[in-house]
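Here's the letter readout for the chains.
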Amino acid sequence: MKIIVFCFLCLVPCIFIKAQLIKIPVQKNMTDHKVKNNLKFELISAEIERLKNDTSLKNASISFFAWDVVSKEIIAALNPDQSLIPASTLKVVTTAAALEMLGSDTRFRTTVEHDGFIDTMGTLNGNIFVRGGGDPCLGSSIFEKKYYKPIFYKNWTDSIKKKIKKINGSIIADADIFDDQTPSTWIWGDMANYYGATAYGISVYDNMYSVFFNTGKDKGDSTMIIGTDPNIPSLFLQNNVKTSNETKDNSYIVGAPFDLSRKLYGFLPKDKNKFKVRGSIPDPALLVAQELQAYLDSAGVKVSNNATSTRIANEKLTVAKNRIFLCGTWSPRIADIVYWTNHVSMNLYAETFLKHIGLKKYGSGDTWSGAKALTEFWKSKGVDTRGMYLNDGSGLSRYNAISARQIVQVLSYMKTSKNYDIFYNSLPTAGLSGTIRKMFKNTNAEKNLRAKSGYMSRIRSYGGYVKTLSNRELVFSLIVNNYNCSDQEMKEKIELILVKLADLNE
């Protein structure tokens, strides 16, 4: 079956396409937002005109596209093919592909195994291995109700103790399903902070830890670190954080992946006890091995050697056929992980999906393979990927570039997918939930708009679906880079545009 799509802006027929692919008409050099000879979109056109002429956006780049997937109408557009940095709105591209490529019901498994042999006294002459399956949710507080974090250690300990009373060897974490690299284009200032937690073959506690401070009574006073949760053996924290008159956390952490030395800088509010600052765990796989050893020790199962990992101990030659399965832990379903990835904008989960996509397509769990596979997948689904440059799965990289039209093409494709309901429900609801719960209050967009937001310094973006007053469902994307106003002001300007979409009543 073939259909003809008409370009609403220029009223000329566009190319023939296959029905199962999503093609949105492209007009060469389309930079003007006005829909010619059609007054019913006057309100949205006027709002875009104000945005276009806003003096605080003189140096900004804007890409905007709104599309009706039923009528095939372009509702409004402004530089829709300009490639810009999307920040976390990129997660819709990654999570949609994860549902399609990996399957909504798929789960990832972490297994506990041993090599060597167990003698008649219950002594293991060998090692216990924790083999990671790329589960990003092990011990996650997000899944606490169904996936409470102490349970998996207890289950593993109980299973080991049934067969093994003593271990002449080590507890070794095997995270080799993925590479051990942070995306190469992430900046130094992000990596040691909680949002810079990246994907490893073994992740735990969302790869985050908390540092607790007591602050001074006056501006400029020193602060005191009183503890961390979880306790990370050998972690060294150099505290340079000062007290300030500000009311929010303006501190940050610096340190490389796998480096147990961290430096903390910036400012915290005065006169606070146990003020929490979150960072990324330097070596999650090693921490899992260490914590399992502590559980075993408490249960009376002694281990002769210190806990380690395959990365440290170079145990990669110990292949699967030489290990014997003891027990395992399954992750939540991908559908559930996608929900929280988009709802709370979890970078770790998005990066994990990207590496799984690379593993499925190319047999390699690294960022480069994942980004290549992700781009190729969307190209195969009819997305024009020219100008789409992907360098991670979460949007934290400033090397990412994508246009509003491309995001709309992805969102439009998902309308045709069996996974649409799962995907749609994962997006925050205007005025109610997730990252846009405080936006669009008392407007027609409230409860009628679902979107993934994105934010980094000088970057704001939104992409999703909105139902209009006339019950049309529109797909939209709006990306702004390098604005001169405050972040709050930029958010309010974008909000006005998206409310005008919801106000359409034709």
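Starting from 1, residues in each chain are numbered consecutively following that chain's sequence as written. Owing to the predicted nature of the model, reporting of local features is limited to residues with pLDDT of at least 70; listing and counting of side-chain atom pairs is limited to 80 or more, with chain, interface and lining totals taken over all residues. The side-chain numbers reported here are obtained from all heavy atoms of the structure, hydrogens and water having been left aside.

Student: So, the sheet that holds strand β18 (residues 302-303): which residues are in play, and what are the values?
Tutor: The strand order across the open sheet formed by 4 strands is β6-β7-β9-β18, and the pairing between neighbours is mixed. Across the chains shown, the open sheet's two edge strands, defined by having one partner strand only, are β6 (117-118) and β18. Pairing geometry for strand β7 (residues 123-125) and strand β9 (residues 166-167), over 2 bridges, is parallel. For threonine 123, the partnering residue across the bridge sits in β9 and is lysine 166. For two strands to count as paired, DSSP must find a minimum of two bridges between them. Starting at the N terminus, helices and strands are each numbered in turn, a helix being any DSSP run of H or I of at least four residues and a strand any DSSP run of E of at least two.

Student: An account of the packing of helix α2 (residues 91-102) against helix α7 (residues 334-343) is needed here, citing residue identities and associated values.
Tutor: Close contact between α2 and α7 brings their axes to 10 Å; oriented N to C, the two are set at 175°. Classified by the angle between their axes, α2 and α7 sit roughly antiparallel to one another. Only Ile334, Ala335, Val338, Thr341 and Asn342 of α7 make contact with α2, whose side of the interface consists of Lys91, Val92, Thr95, Ala98, Leu99 and Leu102. Three classes are used: nonpolar for Ala, Val, Leu, Ile, Met, Phe, Trp, Tyr, Cys and Pro, charged for Asp, Glu, Lys and Arg, and polar for all others, with Gly counted as polar. Counted by class, the contact of α2 with α7 contains 7 nonpolar, 3 polar and 1 charged residues. Helix axes are fitted only over the stretch in contact, all axes being lines through C-alpha atoms; the angle between N-to-C directions runs from 0 to 180 degrees. In this scheme, roughly parallel covers angles under 35 degrees and roughly antiparallel covers those over 145, while 65 to 115 is roughly perpendicular and the rest are oblique. For this analysis, residues touch if any pair of their heavy atoms sits within 4.5 Å.

Student: I'd like a rundown of α7, residues and numbers included.
Tutor: Among the 10 residues that make up α7, 7 are buried, leaving the element largely enclosed by the rest of the structure. Within α7, burial applies to Ile334, Ala335, Ile337, Val338, Thr341, Asn342 and His343. Backbone geometry just downstream of α7 places serine 345 in the positive-phi region, at approximately 60°. Classification of residues uses two cut-offs on accessible area relative to the type maximum, computed with a 1.4 Å probe and protein chains only: under 20% is buried, over 50% is exposed, and between them is partly exposed.

Student: Give me the lowdown on unusual backbone geometry, citing residues and values where you can.
Tutor: At the junction of aspartate 229 and proline 230, the peptide bond is cis and its omega measures out at 0° in the coordinates. We note that tyrosine 205 has phi near 55°; this positive angle belongs to a residue other than glycine. Structurally, the position occupied by tyrosine 205 is in the loop between α4 (188-191) and β11 (208-214). Residue tyrosine 205 is classed as buried on the basis of its relative accessible area of 15%. One non-glycine residue, asparagine 442, lies in the positive phi region at around 60°. In this fold, asparagine 442 is placed in the loop between α11 (420-426) and β21 (449-456).

Student: Would you mind going over the confidence of the model for the protein in detail, with residue names and values included?
Tutor: Mean pLDDT over the protein works out to 91, with 89% of the residues at or above the 70 mark. Each residue gets a pLDDT score, which is the predictor's confidence in that residue and runs from 0 to 100. Counted against residues more than four places away or in other chains, residues 1-20, with its pLDDT under 50, gives 42 contacts. Between residues 27-39, whose pLDDT stays under 50, and residues either more than four places distant or in other chains, the model counts 32 contacts.

Student: So, the packing of aromatic side chains: which residues are in play, and what are the values?
Tutor: Ring geometry is summarised as follows: Phe, Tyr and Trp rings, the Trp one being its six-membered ring, pair when their centres sit within 6.5 Å, and such pairs are stacked at plane angles under 30 degrees, edge-to-face over 60 and tilted between the two. Applying the stated rule across the entire model yields 15 aromatic pairs. A centroid spacing of 6.5 Å and a plane angle of 15° characterise the contact between phenylalanine 65 and tryptophan 67, whose relative ring orientation is stacked. For phenylalanine 65, a relative accessible area of 0% gives the class buried. By relative accessible area, which is 2% here, tryptophan 67 ends up buried. Among the aromatic residues, those joined into a ring-pair cluster are Phe152, Tyr153, Trp156 and Tyr295. When the ring centre of phenylalanine 65 is taken as origin, the NZ or CZ atom of arginine 405, which lies over that ring, is 4.7 Å away. Remark: a charge is flagged as sitting over a ring if the NZ atom of Lys or the CZ atom of Arg is within 6 Å of the ring centre and within 35 degrees of the ring normal.

Student: Please give an account of helix α12 (residues 487-503) that cites residues and values.
Tutor: Helix span, as expected, comes to 1.5 Å for every residue beyond the first. Compared with an ideal rise of 1.5 Å per residue, which puts 17 residues at 24 Å, α12 spans 24 Å between its outermost C-alpha atoms and is within 8% of the ideal. Residues of α12 that are buried: Met490, Ile494, Glu495, Ile497, Leu498, Val499, Lys500, Leu501 and Ala502. For α12, the secondary structure elements touched by its buried residues are α1 (42-53), β3 (61-68), β4 (73-78), β21, β22 (459-467) and β23 (473-481).

Student: Requested: an account of the sheet that holds strand β12 (residues 224-229), with residues and values cited.
Tutor: Pairing in this open sheet of 3 strands is antiparallel, and the strands run β12-β11-β17 from one edge to the other. Pairing within the sheet leaves two strands with one partner each, and these edge strands are β12 and β17 (275-280). For this sheet, the mean angle separating the axes of adjacent strands, direction not counted, is 30°. Examined bridge by bridge, β11 and β12 share 5 bridges and lie antiparallel to one another. Opposite phenylalanine 213, over in β12, you have isoleucine 225 as the bridge partner.

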